[in-house]
Amino acid sequence: MPKYSYSATTILVPVTRVLRPTIKPASPFSPEAASESLRKAMKGLGTDEATIISILTHHSNEQRREIEKQFKTMYGRDLKSDLKSELSGRFEDVILALLDPPRVYDARELKNAIKGAGTDEAALIEILCTRSNAEIKEIKELYKAHFKRDLEKDLISDTSGDFRRLLVSQVNGHRDESGHVDAALAKAEAQELVQAGIKKVGTDEETFNRILCLRNYAQLRATFDAYKQIAGKDIEDSIKSEMSGNLEKGFLAIVRVARNVPAFFAERLYDSMKGAGTTDNTLIRIIVSRSEVDLGLIKREFQRMYGKTLASFIKGDTTGDYKNTLLALCGE
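Keep in mind it's a predicted model, so treat the numbers as computed, not measured. (Residues numbered from 1 in each chain as written. Predicted model: local features only at pLDDT ≥ 70, side-chain atom pairs only at ≥ 80, totals over all residues. Heavy atoms only, no water.)

Trainee: So what exactly am I meant to see when it comes to unusual backbone geometry here?
Mentor: For residues besides glycine, phi is generally negative; the peptide bonds are generally trans as well. At the junction of serine 27 and proline 28, the peptide bond is cis and its omega measures out at 0° in the coordinates. Counting through the fold element by element, proline 28 comes out in the loop between β1 (10–12) and α1 (31–42). Its identity as a non-glycine residue notwithstanding, lysine 148 has a phi of 55°, on the positive side. The residue lysine 148 is located in the loop between α8 (133–147) and α9 (151–158) in this model. The class of lysine 148 is exposed, set by a relative accessible area of 68%. (Helix = DSSP H or I, 4+ residues; strand = E, 2+ residues; numbered from the N terminus. Buried < 20%, exposed > 50% of the residue type's maximum accessible area, 1.4 Å probe, protein only.)

See below:
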């Protein structure tokens, strides 16, 4: 049992969170046998897609990278290159995503969100507002190593205004992660948010940015509770009425992540598949990046929130080997 200590204004809360991955390391693990099976699946005429799916979705990311090294040692061939030559479309995209180390994948997705005409602001928000300080630091280092560019500078050149400042705050990676809750501070900062928003002509976005980007999630939850008592409305409703566009989406993301990380990702998955068409980049990114973290919890939240299973949505929105890979990653 975690131990809690209390004083007049301070509460110490546990910072650990129960995780429920859908992909776990294979045991026993033989990179040699896996490499041999992958080579057979791609050798000669035709491709054994089922074997490729089975191997890559039944090993952890770390094990996949060991298989990749073993494959090159055994055959003098590059596994990614072989897969690219054998696969295509969204099936190829999800399979190749499985071979990237998690933070390399994040860095690559951020680069994809920035490059070219238009910016995928939702992807920037999703990644930068859900990674830990240590993960942000690693992403920045890998972004620099892979693309010879500075992530913060790229974000600054590709965004503007208050939304740019939000992203710069997030990519700084200095949020308090102590888990300490100061009740007096929560009340004081809730009052600041009221004065900066609903009690002000116009909105003081800087105050929202400072509090939402600086405090740990437990502290923020206490602030949101105090805010509702003072303002008589939920912080999300105030953000929706006071903000607009990407800034609104970014602040709402932080609030929702502070309250319930799996629910945040469940909503993102639902949005990627609802209505006509599918936002495949989002679907792939979340399924791949959360499969070894909390995809089991995301599945549970998805069913609670929408009354249908995540698997049923995937089956209705995708087809073939692409669908089979996503379902396997979901543990279905």
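From this point, the discussion proceeds with the structure in view.
Trainee: Can you help me understand the environment of asparagine 281 in this one?
Mentor: Mapping asparagine 281 onto the fold places it in helix α17 (residues 280–290). Expressed as a C-alpha distance, the spacing of asparagine 281 and glutamate 109, which sit 172 residues apart in the sequence, is 8.9 Å. Excluding residues that lie within four positions of it along the chain, asparagine 281 makes contacts with Arg90 and Glu109. Of the polar contacts made by the side chain of asparagine 281, one reaches the side chain of arginine 90; its length is 2.9 Å. (Contact = heavy atoms within 4.5 Å. Polar contact = N/O pair within 3.5 Å; in protein donor to acceptor, adjacent residues only side chain to side chain.)

Trainee: Is there a simple way to explain the packing of aromatic side chains in this structure?
Mentor: Here a ring pair, both rings aromatic, is described through the centre-centre distance and the interplanar angle of the planes. Following the criterion strictly, the structure yields nine aromatic pairs and no others. Where tyrosine 270 meets tyrosine 306, the ring centres are 3.9 Å apart and the plane angle is 5°; that geometry is what we call stacked. Pair noted here: tyrosine 270 is in helix α16 (residues 261–273) and tyrosine 306 is in helix α18 (residues 295–306), with a separation of 36 residues, a long-range link. Cation over ring: lysine 111 sits above phenylalanine 147, and NZ or CZ is 5.8 Å from the ring centre. (Phe/Tyr/Trp six-rings, centres within 6.5 Å; stacked < 30°, edge-to-face > 60°. Lys NZ or Arg CZ within 6 Å of the ring centre and 35° of its normal.)

Trainee: In this structure, what is going on with the packing of α1 against helix α2 (residues 49–57)? I would like to understand it.
Mentor: Two quantities define a packed helix pair, namely the angle between the helix axes and the distance between the axes. Contact pair α1 / α2: the axes reach a minimum separation of 8 Å and the direction vectors enclose 155°. Classed by the angle they form, the pair α1 and α2 counts as roughly antiparallel. Classified by chirality, the crossing of α2 by α1 is left-handed. Residue-level contacts link Ala34, Ser37, Leu38, Ala41 and Met42 of α1 to Thr51, Ile52 and Ile55 of α2. Taken together, the residues of the contact of α1 with α2 break down into six nonpolar, two polar and no charged. (Axes fitted to C-alpha atoms, helices over the stretch in contact; angles between N-to-C directions. Parallel < 35°, antiparallel > 145°, perpendicular 65-115°, else oblique. Left-handed = near helix turned anticlockwise from the far one by under 90°. Nonpolar A, V, L, I, M, F, W, Y, C, P; charged D, E, K, R; others polar.)

Trainee: Sorry if this is basic, but what is going on with the side chain of aspartate 234 here?
Mentor: Here aspartate 234 is to be found in the loop between α13 (217–231) and α14 (235–242). Excluding anything up to four places from it in sequence, aspartate 234 contacts Tyr227, Lys228 and Arg259.

Trainee: Sorry if this is basic, but what is going on with helix α4 (residues 79–86) here?
Mentor: Given 3.6 residues per turn, any residue in an α-helix points the same way as the ones three and four places further on. For α4, the set of buried residues is Leu79, Asp82 and Leu83. Seen end-on, α4 carries its buried residues on one side only, within an arc spanning 100°. Packing partners of the buried residues in α4 comprise α1, α2, α3 (61–75) and α5 (89–97). N-cap assignment for α4: the residue whose side-chain oxygen lies 3.3 Å from the backbone N of lysine 80 is aspartate 78. (Arc of directions from axis to C-beta.)

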